[in-house]
Amino acid sequence: MSEHRGIFSSRMGFILTAAGSAVGLGNIWRFPYLAGENGGAAFLFIYLICVFTLCVPVMIGEIAIGRRAGTDAYGSYKKLGGGKWGYLGLFGIAVGIFILSYYNVVAGWAFGYFLEISFGNLLNHQNFGAFFGEYVTNSGTILLFSLGFMVMTAVIVGQGIAAGIEAANKIMMPALYVILIALIIYSLTLPNAMEGLKFYLVPDVGKINTQTIFDGLRQAFFSLSLGMGTLMTYGSYMRKDQNIISSAATISIADTSVAFLAGLMIFPLVFSEGVEPTQGPPLVFIVLPQIFHSMGPILGRFIGGSFFLLLCFAALTSTISLLEVPVAYLVDQKKFSRKRVSWGVALLIFAIGLLSMLSMGQVDFLTKLSFYQDRDFLTFVSDMCDISLTVGGTMMCLFIRYRWKIHNMDEEVALGANGYLQSATRKYLDVTISWICPILLGIMSILIILDKFIGLKVLFGWG
Ligand code: TRP
């Protein structure tokens, strides 16, 4: 690995940065609303199965490819696979660009909420549902905040795998845990909290349907930042003597525990406030202000402000990882200057994001896409990206199995993992990457695509 590309300064540096990529709006904003829409505990159950059976092996494979090749997503596939495999890397890079385009808009909402709660009068409102609906159509404000977010992302990525990201993560991640746990304790003391816990923790197998399974899988991929080359790119900066398996396990546990805790915080609140858990994307933006409001003007401002600030930091470590993927490609392959490329790509992505930003009611055509069941553009992009992630994961498994070959992956994983080659872990990984993951992910990806565009009900009479 050439020195000028940079390398994580410590073992913890890689783990924290990759966990920082994983932990983000996906855990605190998306996981609770998907769980709310999909029967709570039934969703949690499927999600956990997906993470530990399908996603951890894919994560190990992705990191191994990146570390072996020591370059960006496109370069990695091309170097190890030759021929047309580079296109798979390019596909991932494109997906990352689209994810960041709408992710940054939601980050702008979170940033706005931080300011409005800390310094504005958001908590004085009566109806937080109505407030949210109006807030996100406030184009000027959201434009400014999203732009601010993108600028921060570009500044950090422009500096490279800097000690800054590692250092920031070291403080921010523990702080996020502390505030989550404090809020969980508070929410458990509220009336009706136990109803919420029951909804979230006691699975009703009857509630599991194809939707629960699809949503659980796509959320697991999204939350762990899998399937498009983020971890491949980060893996290329990883030391050869670092254990990929234990790193992947730590990242997955860190990510899953934040999502789990977010649910534990939200559902008692949802039930004690008498809000429907099936609100969709606005869920945390409606329920959380309600609770901060109930804490009184001073404490509410402080706790609410801190919460949204930490959410912004969590989102920032994710936007950084998303921007890093196209930037690493342009720096490694086209030899552009990192700083310039970071700004250029960030602005381009911001411009694409305007389509999502304006799909909250401002522009009719974008708010109700006629070719997509009258849903908004933000939902459309996010659905398309999710599908691409599971397709990307499937293709990656096929790449390892048929092109790069399992024994090469094993060789790479064995560096830094003593005894791996003789272990049961190796057998498990070999079987999952060659059979279980590609088959299940492949079938599910096809079903999800059919479901989105035609409807499984129409096709098979179920769904
Ligand atoms: N995992 C992040 C979250 O949960 C989002 C994210 C960052 C991501 N990088 C990614 C999602 C790569 C998919 C692919 O908020």
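About the criteria used
Residues numbered from 1 in each chain as written. Predicted model: local features only at pLDDT ≥ 70, side-chain atom pairs only at ≥ 80, totals over all residues. Heavy atoms only, no water. Helix = DSSP H or I, 4+ residues; strand = E, 2+ residues; numbered from the N terminus. Rg over C-alpha atoms; globule rule 2.2 N^0.38 Å. Buried < 20%, exposed > 50% of the residue type's maximum accessible area, 1.4 Å probe, protein only. Contact = heavy atoms within 4.5 Å. Areas by Shrake-Rupley, 256 points an atom, 1.4 Å probe, with all protein chains shown as cover. Lys, Arg positive; Asp, Glu negative; His and termini not counted. Charge placed at Lys NZ, Arg CZ, Asp CG, Glu CD. 1 Å grid on protein atoms, 1.4 Å probe; cavity = no way out; pocket = protein on both sides within 12 Å on 5 of 7 lines; lining within 4 Å. Points joined across faces, edges and corners; volume = space filled by probe spheres on them. Nonpolar A, V, L, I, M, F, W, Y, C, P; charged D, E, K, R; others polar. Core = buried A, V, L, I, M, F, W, Y, C linked by side-chain atoms within 4.5 Å. Patch = residues over 30% accessible without salt bridge, like charges linked within 9 Å, V, L, I, M, F, W, Y side chains within 5 Å. Salt bridge = Lys/Arg side-chain N within 4 Å of Asp/Glu carboxyl O. Near = heavy atom within 4 Å. Polar contact = N/O pair within 3.5 Å; in protein donor to acceptor, adjacent residues only side chain to side chain. Sits in = over half its atoms within 2 Å of the grid points. Expected span 1.5 Å × (residues − 1). Bend = angle between axes of the 7 residues up to and from the residue. Phe/Tyr/Trp six-rings, centres within 6.5 Å; stacked < 30°, edge-to-face > 60°. Lys NZ or Arg CZ within 6 Å of the ring centre and 35° of its normal.

**Q** Tell me what's going on with the overall build of the protein, and back it up with residues and numbers.
**A** Tallying secondary structure elements over the protein gives 20 helices and zero strands in all. Computed over C-alpha atoms, the radius of gyration of the protein comes to 21 Å, within 12% of the 23 Å expected from 2.2 N^0.38 for 463 residues, which places it in the range of a compact globule. The principal-axis extent of the C-alpha atoms belonging to the protein is close to 60 × 50 × 45 Å. In the protein, buried positions account for 60% of the 463 residues. Across the protein, the fraction of contacts at a sequence separation of at least 24, relative to all contacts at a separation of at least 6, is 80%. For the protein, the exposed surface amounts to about 17,600 Å²; the carbon and sulfur share of it is 67%. The positive charge centre, built from 29 side chains, and the negative charge centre, built from 26, are 10 Å apart in the protein.

**Q** Would you mind going over empty space enclosed by the protein in detail, with residue names and values included?
**A** Summed over all chains, the structure comprises three cavities of 30 Å³ or more. Approximately 140 Å³ is the volume found for the largest cavity. Forming the boundary of the largest cavity are 16 residues, of which Ser-21, Ile-99, Phe-222, Ser-225 and Leu-322 lie nearest the centre. Residue assignment for the lining of the largest cavity shows that the elements contributing at least two residues are α1 (11–22), α5 (86–118), α10 (210–223) and α14 (297–334). Its residues placed into classes, the lining of the largest cavity shows nine nonpolar, seven polar and no charged. Taken as a whole, the second largest cavity encloses approximately 100 Å³ of empty space. What lines the second largest cavity is a set of 13 residues, and nearest its centre among them are Tyr-77, Gly-227, Met-228, Gly-229 and Gly-392.

**Q** Explain the nonpolar core to me, using residue names and the numbers behind them.
**A** For soluble globular proteins, the rule of thumb is that nonpolar side chains tend to be buried together. Leu-288, Phe-292, Phe-307 and Phe-308 are the most contacted members of the largest nonpolar core, which totals 161 residues. Within the second largest apolar cluster, five residues are counted, among which are Phe-214, Ile-387, Leu-447 and Leu-456.

**Q** Explain a nonpolar patch on the surface to me, and be specific about the residues and the numbers.
**A** There is a patch of nonpolar side chains on the surface, built from Ile-449, Phe-453, Ile-454, Val-458, Leu-459, Phe-460 and Trp-462 and spanning about 670 Å² of accessible area. Of all the secondary structure elements, the ones that give two or more residues to the nonpolar patch are α19 (424–453) and α20 (456–460). In terms of residues, the nonpolar patch owes the most to one element, α20, which gives three residues. Looking at the secondary structure, you find Ile-449 in helix α19. Of the residues examined, Ile-449 reaches a relative accessible area of 35% and is grouped as partly exposed.

**Q** Give me the lowdown on the pattern of salt bridges, citing residues and values where you can.
**A** As enumerated under the stated definition, the model contains 13 salt bridges in all. Beyond isolated ion pairs, a larger network of salt bridges with shared partners links Arg-30, Asp-215, Arg-218, Asp-383, Asp-386 and Lys-452.

**Q** I'd like to hear about the site of the ligand, residue by residue, with values.
**A** Near the ligand there are 17 residues, and of these Ala-22, Gly-26, Tyr-103, Phe-222 and Ser-225 occur at the shortest range. Ser-21 has a polar backbone atom sitting 3.3 Å from a nitrogen atom of the ligand. One nitrogen or oxygen atom from the side chain of Ser-321 is found 3.3 Å from a nitrogen atom belonging to the ligand. When the ligand sits alone it has 360 Å² of accessible area, and the protein chains cover 100% of it. The cavity that encloses the ligand is the largest cavity. Listing elements by their share of the shell around the ligand, those giving two or more residues are α1, α2 (25–37), α5, α10 and α14. Across the shell around the ligand, the residue classes tally to eight nonpolar, nine polar and no charged.

**Q** Before we move on, could you go through the layout of surface pockets and cite the residues and values that matter?
**A** Considering only enclosed or pocket space, the largest pocket measures out at about 590 Å³ in volume. Within the residue set of the lining of the largest pocket, elements represented by two or more residues are α2, α10, α17 (377–404) and α19. The element contributing the most residues to the lining of the largest pocket is α2, with five residues. The class makeup of the residues in the lining of the largest pocket is 11 nonpolar, five polar and nine charged.

**Q** Outline α2, listing residues and values.
**A** For α2, spanning 13 residues, the distance from its first C-alpha to its last is 17 Å, which sits close to the expected 18 Å at 1.5 Å a residue. Phe-31 marks where α2 bends most, by close to 35°; the proline Pro-32 follows one to four residues later. Among the 13 residues that make up α2, 12 are buried, leaving the element largely enclosed by the rest of the structure. Turning to α2, its buried residues are Leu-25, Gly-26, Asn-27, Ile-28, Trp-29, Arg-30, Phe-31, Pro-32, Tyr-33, Leu-34, Ala-35 and Gly-36.

**Q** Pulling in residues and values, what's your account of the packing of aromatic side chains?
**A** For the coordinates displayed, the defined rule picks out 36 aromatic pairs. Ring centres of Phe-8 and Phe-14 lie 5.6 Å apart, and the angle between their planes is 75°; on these two criteria the pair is classed as edge-to-face. Looking at Phe-14, the relative accessible area reads 0%, which means it is buried. Here a set of aromatic residues connected by ring pairs shows up, and it is made of Trp-109, Tyr-113, Phe-131, Phe-132, Tyr-135, Phe-285, Phe-292, Phe-307 and Phe-308. Across the ring face of Phe-222, the terminal group of Arg-30 is positioned such that the distance to the ring centre comes to 4.0 Å.

**Q** Residue-level account of the environment of Met-357, with values.
**A** Structurally, the position occupied by Met-357 is in helix α15 (residues 338–357). Judged by its relative accessible area of 2%, Met-357 falls in the buried class. Linking Met-357 and Ala-110, residues 247 residues apart in sequence, is a C-alpha distance of 13 Å. Every residue in contact with Met-357, bar those within four places of it in the chain, is listed here: Val-105, Val-136, Ile-142, Leu-143, Ser-146, Phe-350 and Gln-362.

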